[in-house]
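Take a look at the letters that make up each chain.
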Amino acid sequence: MITLKTFNRKELEDFTSSGDFQQYDFLPITRHRALSHIKNPKASDQDTLLILAFYEEKLIGYVGCFPDNFNIDGKEIRYAWLSTLYVNPEYRKKRPAKALLKRVFEEYEGRIAITEFTKEAEALYNIMGVFDYVFPKEGKRYYFRTDAAKMIPEKKPGTQPLKPLFQILDAATNGLISIKNLTVSKPDFKYEILDQIDKESADFMNGFSGKRVADEINTFINHPWVLEGNKDEKYLFSSFSDRFKYFWIKIFDQNNKLTSCFLLQLRDGYLKIPYLFADSNVDEVVRFLQYFIVTHKVKGFTSYQTTLNREIQQSKVFPPIYERDFKREYLFHKNLLELLPDHFDPNYQDGDGDCMMT
């Protein structure tokens, strides 16, 4: 028989600080990821943050919850994102995933949202019959350097023996790209690069609607889910990378007035822009991105920022070697949707939910 154990903020802190979470065949969470969940400003002391599934006292699966809320006409609607879901393949016939999800629905009264899910997980969510697809975001991924040695063997494992050849081809191609990029100059406008959001930026952000304020974003910058270092093979989700860093960018006009600020996340050569706050003209944002991409040897950049992508398409200084259309789907539990007004649009930025964490 499957038994379940839930952890709220205090219980999760005790579980990880004691080291008890390391006793199993696989890790249900990492210490730094748990700390981020504990520090989440939108998590209450009573919220369930992690649920473990056991069969005959053996850990066979877990699900992570990441509390959030909507404020609509002065009314707070609390809900949670599913941040992880894993079951040991040897025990799938025992249906631990279904048991874990049912408990999550009970804990949050069905107020659950999901995004950035795998195809396998998506199939399970659809089988449950309680989720609807809502608020899709159209995006772009731009490529600036070749990465065949990584991408081809991942998609076609049979080509693994050819990896040294792919590395040679990457080096040759990217060498030519680097020569071409020598003509890219430093932006001729004032900008600043910070480790986190400062007061001037926070005041500027207050002029925009958003799901997260400066202090909340800073909390997750200071308590990331991913650290730089070697991957822990006992944890199946994102935990460590060779390179992982956030950059807070500020751009000013000729009168030293702040005109835009945004968060960049760089992970192993791939760039995201989780948050962007800008006046109507984002041309200088595009020009800064071009310089940043060249100086940091960015391989790819993913953006669902509609205004920014439109400006990039019109830009003559932002020439990727290749680009692809992307779509981000969101699944909302029907119980959550019933609480939202007709024609509601959350206006999610790229980093909302748990997307800025990985």
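The coordinates are above.
Residues numbered from 1 in each chain as written. Predicted model: local features only at pLDDT ≥ 70, side-chain atom pairs only at ≥ 80, totals over all residues. Heavy atoms only, no water.

### A short note on the pattern of salt bridges
Proximity of charged atoms lets side chains of opposite charge pair with each other.
And then number 1: One pass over the full model with this rule turns up 25 salt bridges.
And then number 2: Where arginine 328 meets glutamate 116, a salt bridge forms, and the shortest distance between an N and an O atom there is 2.9 Å. In this pair, arginine 328 is assigned in strand S14 (residues 322-333) and glutamate 116 in the loop between strand S5 (112-115) and helix H4 (119-128), connecting sequence segments 212 residues apart.
And then number 3: On the basis of relative accessibility, which here comes to 6%, the residue arginine 328 falls in the buried class.
And then number 4: Take glutamate 116: its relative accessible area is 47%, and that puts it in the partly exposed class. (Salt bridge = Lys/Arg side-chain N within 4 Å of Asp/Glu carboxyl O. Helix = DSSP H or I, 4+ residues; strand = E, 2+ residues; numbered from the N terminus. Buried < 20%, exposed > 50% of the residue type's maximum accessible area, 1.4 Å probe, protein only.)

### Thoughts on helix H10 (residues 306-314)
Since the α-helix advances by 3.6 residues per turn, residues separated by three or four positions end up pointing in the same direction.
And then number 1: Those residues of H10 that fall on the buried side of the exposure criterion are Leu308, Asn309 and Ile312. Looking straight down H10, one finds its buried side chains confined to an arc of 95°; they lie on one side. H10 presents Thr306 and Gln314 as exposed residues on the side facing more than 90 degrees away from its buried surface.
And then number 2: In the core, the buried residues of H10 are packed alongside strand S6 (131-143), strand S12 (270-278), helix H9 (283-295) and strand S13 (300-303). (Arc of directions from axis to C-beta. Contact = heavy atoms within 4.5 Å.)

### Some thoughts on the sheet that holds strand S2 (residues 50-55)
And then number 1: Strand order in the open sheet made by the twelve strands is S1-S2-S3-S4-S5-S14-S6-S13-S12-S11-S10-S7, with mixed pairing throughout. Unpaired on one side and paired on the other, strand S1 (2-7) and strand S7 (191-194) mark the two borders of the sheet. Neighbour-to-neighbour, the strand axes of the sheet open up by a mean angle of 25°, direction not taken into account.
And then number 2: As paired strands, strand S3 (residues 58-72) and strand S4 (residues 75-87) are joined by twelve bridges and run antiparallel to one another. The partner of isoleucine 72 across the bridge, within S4, is lysine 75. (Pairing = 2+ DSSP bridges. Axes fitted to C-alpha atoms, helices over the stretch in contact; angles between N-to-C directions.)

### Here we look at the environment of glycine 351
And then number 1: With respect to the helices and strands, glycine 351 occurs in the segment after helix H11 (334-338).
And then number 2: We classify glycine 351 as buried; its relative accessible area is 0%.
And then number 3: Placed 87 residues apart in sequence, glycine 351 and leucine 264 show a C-alpha to C-alpha distance of 10.0 Å.
And then number 4: If sequence neighbours within four positions are ignored, glycine 351 has contacts with Arg212, Pro274, Tyr275 and Met356.

### Some points on the environment of glutamate 109
And then number 1: Among the structural elements, glutamate 109 can be located in the loop between helix H3 (96-107) and S5.
And then number 2: A C-alpha to C-alpha distance of 21 Å links glutamate 109 and aspartate 345, two positions 236 residues apart in sequence.

### Brief notes about unusual backbone geometry
And then number 1: A positive phi is found at arginine 95, a non-glycine position, where the angle reads about 60°.
And then number 2: Structurally, arginine 95 can be placed in the loop between S4 and H3.
And then number 3: When its relative accessible area of 52% is taken as the criterion, arginine 95 is described as exposed.
And then number 4: For lysine 297, which is not a glycine, the phi torsion comes out positive at approximately 50°.
And then number 5: Here lysine 297 lies in the loop between H9 and S13.

### Focus on the nonpolar core
And then number 1: In this structure, Phe70, Met205, Ile217, Leu263, Phe332 and Met356 are the most contacted members of the largest nonpolar core, which totals 36 residues.
And then number 2: Apart from the residues lying within four places of it in its own chain, the contact partners of methionine 205 are Ile197, Arg212, Val213, Ala214, Ile217, Trp248, Cys261 and Phe277. (Core = buried A, V, L, I, M, F, W, Y, C linked by side-chain atoms within 4.5 Å.)

### Describing the packing of helix H1 (residues 9-17) against helix H2 (residues 31-39)
And then number 1: Two numbers describe how H1 lies on H2: the axes approach to 10 Å, and their chain directions differ by 160°. Considering the angle they form, H1 stands roughly antiparallel to H2. In the crossing of H1 with H2, the sense of the turn from one axis to the other is left-handed. Between H1 and H2, the residues in contact are Arg9, Leu12, Glu13, Thr16 and Ser17 and Arg31, Ala34, His37 and Ile38, respectively.
And then number 2: Residues belonging to the contact of H1 with H2 are distributed by class as follows: three nonpolar, three polar and three charged. (Parallel < 35°, antiparallel > 145°, perpendicular 65-115°, else oblique. Left-handed = near helix turned anticlockwise from the far one by under 90°. Nonpolar A, V, L, I, M, F, W, Y, C, P; charged D, E, K, R; others polar.)

### Here we look at the packing of H3 against H4
And then number 1: Direction vectors running N to C along H3 and H4 enclose 60°, while the axes themselves pass 11 Å from each other. The two elements H3 and H4 cross, and the hand of that crossing is right-handed. Between H3, through Ala97, Lys98, Leu101, Lys102 and Phe105, and H4, the contact on the second element is made entirely by Leu124, Tyr125 and Met128.
And then number 2: The residue makeup of the contact of H3 with H4, split by class, is six nonpolar, no polar and two charged.

### Side note on the pairing of strand S10 (residues 244-252)
And then number 1: Of all the nine residues making up S10, eight are buried; the element is thus mostly covered by neighbouring parts of the structure.
And then number 2: Pairing between S7 and S10: four bridges, direction antiparallel. Within the sheet, the bridge partner assigned to leucine 194 lies in S10 and is tryptophan 248.
And then number 3: Bridge count between S10 and strand S11 (residues 258-267): nine bridges; the pairing is antiparallel.

### Side note on the side chain of glutamine 290
And then number 1: Considering the arrangement of structural elements, one finds glutamine 290 in helix H9.
And then number 2: For glutamine 290, a relative accessible area of 19% gives the class buried.
And then number 3: For glutamine 290, the side chain forms a polar contact with the main-chain oxygen of valine 317, separated by 2.7 Å.
And then number 4: Residues in contact with glutamine 290, not counting those within four places in the same chain, are Val184, Val317 and Phe318. (Polar contact = N/O pair within 3.5 Å; in protein donor to acceptor, adjacent residues only side chain to side chain.)

Remember that the coordinates give geometry; whether it matters functionally is a separate question.
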